[in-house]
Every structure is written in structure tokens, then in C-alpha cells.
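If you want the building blocks of each chain, they are given just below.
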Amino acid sequence: MTQPAPSAQHNGPDKGAVAAPSDTPPSKSGGGMPALGLWLDVRILSLLGVLAALVLVGGITEPDAFLDTGNLQLILTQASVIGVVTVGMTFVIISGGIDLSVGAMVALASVWATTLATQEYGFAGIAFTAVIVGLAAGLVNGVLIAYGGMVPFIATLAMLASARGLALQITDGKTQIVTVDSVLDLGLPDSYILGIPPLVIMFAVVTVVGWLILNRTTFGRRTVAVGGNAEAARLAGIDVRRQRLYLYLLSGLCCGIAAFMLIVLAGSGQNTNGNLYELDAIAAAIIGGTLLSGGRGTIVGSVLGVLIFTTITNIFALNNLQSDVQQIAKGAIIVAAVLVQRRTMRGRET
């Protein structure tokens, strides 16, 4: 019978302590957790400041276009798809893993769900197929990593190549147009609820559920424990292999949901869907405060990271700036975020 992971203790550079989720409010006793809570608050406030600055820049450079209600809805809608993927990626990275196959899984799920045979089953058939394919791909990753002993980087890299190849084989390089009206209608303004697109609502639901799982459940505590120190987690009674399997299943589930959202947004399935989603999701999680080494992360920070990157993309597009400049800007943000993380960790260890 497994036991809950022990509460967090800060022991300097020693990773033997089992940490609590970063979103958890700091304890009023002890010195480590208040410092962590203060760091988290500063981090979130900093991200909100960056996002506010970007909105200001957009409002100054292209006030009519950027501040238009339709454009703001577009930003949120575009952020929703990659945002759902990022929620799953955040869990995986907190556990000390990585998933390079999320973009390919989104592509595979989207094309499998939009074949003529699948579309014959209507809305339910498309949604069910997208989710099941995502779960199946996540299951393969989880089994290879948790029970096959493969390094996450290698296992998910192999899935990336395999899923992309299978998606290309299914489509034969062609775009699969969705003909199910009930699916297409979700992307129309008539389906908006109080001016909010349904995809944004789906993203909000996934975000809230992800936050609750990470911060209010045993599963979330075990995820952080495994990322902080897998051996300590095992000694605490956690089935580390099973936990990792569940985490990659969760990542696959998020990819399946994102694939359905992308189908609604694009009205089609293509083998190129989800291109570079893995990089965007990892980058958003990193600038949101999730450590690549595992053991700490925050859903709120990851969501803000997604919104920051999506807003940057929108501003560049409105100002007719080249995509290569946009990629350079994103790269600079990622480097700055990692440097801040390293400096913060050194400060906590000294």
C-alpha cells in the first residue's frame, strides 16, 4: 500500500528532499517554503508585467488592429491549442521527463480523426478518435520510458519520427477536409459564449483541472516528488514507474484534446499539424518557471508563457515583421528565462 509523499524540506543543493508543487501557498513555518512562495509570486508578477508590456506595445504600434475584439479573440484562440499541449508538457517536465513528440501526436490524432471513415460517425467519432489516438501514443511513450528503461529524450524522439511518418502515410500528403457541420460550427462566431470562443473555454477548463490536479491531489504531489528525487520518492512508497506512465498518458490526452481543437480551428487534418509544438510548449513551460531538471513547476506560469509567445507572434504579424526576427526574439526570451532560473537557484542554494 503506497503512502503519500512526505512534505517538502529545503536542503540546499541536495535533491534528496521531496518537494511540494510550486503553486502551493508557502507555509508560515520554516525558511525554505516562504522563500519559494516569494520567488513564485515575483515570477508570476514578472510574467504578468511582460504580458502587459506586450499589450501596450501592440496597442501603440497597431492600436486599431491589435485592440480589436476580433484580434484579441484570435490571440486567445490560437493560444488555446498550444496551451492545452503545454499543460500536459508541464506535468512531464515537473516529473523530470521531456516529451518531444507532442507536435507529432497532435498531427497523428488530427489526421486519424478526419479520415472519411471516421467522419461518418460525426462529431462524437472525430472527438473520440482524436482523444484515443493521443492516449495510445502517450501510452507507448509511457511504457517505453517507465517499463522499457528508455531515456525520455530518445523514446519521445522515436515517437516524433514514427507519428509524423504515420500521419503522412494516412493522408498521403493531402489535406483532409472536415465535412461535419457540428464540428465546424464550434469555430464560428455564432457559437461564442458571451463573446468567448468555445476553444478558449476548453483551454480554461483544461487549465483549471490541471492546476487542481497538480496542487490539490496526491497525483500532483507524487509528480513533484518523482521530479525532485525519484529514489527518495520510491523510498517514500511511490510507484515511480507507474507514475511516469500516467504522466505520459496525461500528455497524450492533452495532445488528443489539442488535436480536436485544431481540427475545429483549421477545419481540416494535415500531417503538418502541430509543427514545432514541442518547442513552443517546452519554451512556455520554462519561462513560466518550470525547471527542466524537474521537481518544480506551475500551471499558471506555463499558461502565461503561452500567452506571451502568442501575443508576440500576433504583434509581429500585425507589424509585418519577418518570421525569422520573431524566432530570434523567442530564442532570446528562452535564454533569458533559463539564465534567470539558474541565478535564482544559485541564490537559494547559498
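Structure's up top.
Every chain's residues receive numbers from 1 upward, in the order its sequence appears when written. Local features in a predicted model are, by the rule used here, given only for residues with pLDDT of at least 70; side-chain atom pairs are given and counted only at 80 or more, and totals for whole chains, interfaces and linings are based on all residues. Neither water nor hydrogens contribute to the side-chain values; these are computed over all heavy atoms in the structure.

**A word on the nonpolar core**
To qualify as a nonpolar core, a set must consist of buried Ala, Val, Leu, Ile, Met, Phe, Trp, Tyr and Cys residues joined through side-chain atoms within 4.5 Å. Partly exposed describes any residue whose relative accessible area lies between the buried limit of under 20% and the exposed limit of over 50%, with all areas from a 1.4 Å probe on protein chains only and scaled to the type maximum. Residues Val 84, Val 85, Val 106 and Ile 126 are the most contacted members of the largest nonpolar core, which totals 73 residues. Put simply, DSSP marks the helices as runs of H or I at least four residues long and the strands as runs of E at least two long, and each gets a number from the N terminus on. The greatest single-element share of this core, amounting to 12 residues, is contributed by helix H12 (residues 240–266). Two residues qualify as a contact provided that any one of their heavy atoms is within 4.5 Å of a heavy atom in the partner residue. When sequence neighbours within four positions are dropped, the list of residues in contact with Val 106 reads Val 85, Cys 255, Ala 258, Ala 259, Leu 262, Gly 274 and Tyr 277. Formed by 5 residues, the second largest nonpolar core is a distinct cluster that contains Ala 225, Ala 233, Ile 238 and Val 240.

**What about the packing of aromatic side chains?**
Pairing of aromatic rings covers Phe, Tyr and Trp, the last counted by its six-membered ring, and requires centre-to-centre distances within 6.5 Å; plane angles under 30 degrees mean stacked, over 60 mean edge-to-face, and any other angle means tilted. The tally for this structure, following the rule as stated, stands at 2 aromatic pairs. Ring geometry for Phe 91 and Phe 219: centres 6.5 Å apart, planes at 45 degrees, overall tilted. Separated by 128 residues along the polypeptide, Phe 91 in helix H3 (residues 69–94) and Phe 219 in helix H10 (residues 218–228) bring together distant segments of the chain. An angle of 75 degrees between the planes, with centres 5.4 Å apart, marks the rings of Phe 123 and Phe 260 as edge-to-face. One end of the pair, Phe 123, is in helix H6 (residues 122–147); the other, Phe 260, is in helix H12, with 137 residues separating them in the sequence. Here Phe 123 falls in the partly exposed class, since its relative accessible area comes to 33%.

**A look at the pattern of salt bridges**
In the sections that follow, a salt bridge refers to a side-chain nitrogen of Lys or Arg positioned within 4 Å of a carboxyl oxygen of Asp or Glu. Using the criterion set out here, one finds 1 salt bridge in the structure. Close ionic contact of Glu 231 with Arg 234 constitutes a salt bridge, the shortest N to O distance being 2.5 Å. Residue Glu 231 and its partner Arg 234 are both found in helix H11 (residues 230–235); the two are separated by 3 residues, about one turn of the helix. Judged by relative accessible area, Glu 231 falls into the partly exposed class, the value being 40%. With relative accessibility at 46%, the residue Arg 234 sits in the partly exposed group.

**Notes on the packing of H3 against helix H9 (residues 198–216)**
Fitted lines through C-alpha atoms give the axes, limited to the stretch in contact for helices. The angle between two N-to-C directions lies from 0 to 180 degrees. Packing of H3 against H9 leaves a shortest axis separation of 8 Å and a crossing angle of 20 degrees. With respect to their mutual orientation, H3 and H9 come out roughly parallel. In the crossing of H3 with H9, the sense of the turn from one axis to the other is left-handed. Residue-level inspection shows Leu 76, Thr 77, Ala 79, Ser 80, Gly 83, Val 84, Val 87, Phe 91 and Ile 94 of H3 in contact with H9, the latter providing Leu 199, Val 200, Phe 203, Val 206, Thr 207, Gly 210, Ile 213 and Leu 214. Residue composition of the contact of H3 with H9, by class: 12 nonpolar, 5 polar and no charged. For classification purposes, an angle smaller than 35 degrees is called roughly parallel, one larger than 145 roughly antiparallel, one from 65 to 115 roughly perpendicular, and anything else oblique. Note on convention: near helix rotated counterclockwise from far helix by under a right angle means a left-handed crossing. Clockwise means right-handed. Ten residue types, Ala, Val, Leu, Ile, Met, Phe, Trp, Tyr, Cys and Pro, are classed as nonpolar, four, Asp, Glu, Lys and Arg, as charged, and the remainder, Gly among them, as polar.

**What about a nonpolar patch on the surface?**
Only residues whose relative accessible area exceeds 30% and that form no salt bridge are eligible for patches; like-charged ones are grouped when within 9 Å, while nonpolar side chains (Val, Leu, Ile, Met, Phe, Trp, Tyr) are grouped when within 5 Å. To be clear on the numbers: accessible area is Shrake-Rupley with a 1.4 Å probe, and residue cover counts the displayed protein chains and nothing else. A cluster of nonpolar side chains, contributed by Val 140, Leu 144, Met 150, Val 151, Phe 153, Ile 154 and Leu 157, occupies part of the molecular surface with about 560 Å² of accessible area. Where the nonpolar patch is concerned, the elements lending two or more residues are H6 and helix H7 (152–171). Element by element, the count of residues in the nonpolar patch is highest for H7, at 3 residues. Secondary-structure assignment places Val 140 in helix H6.

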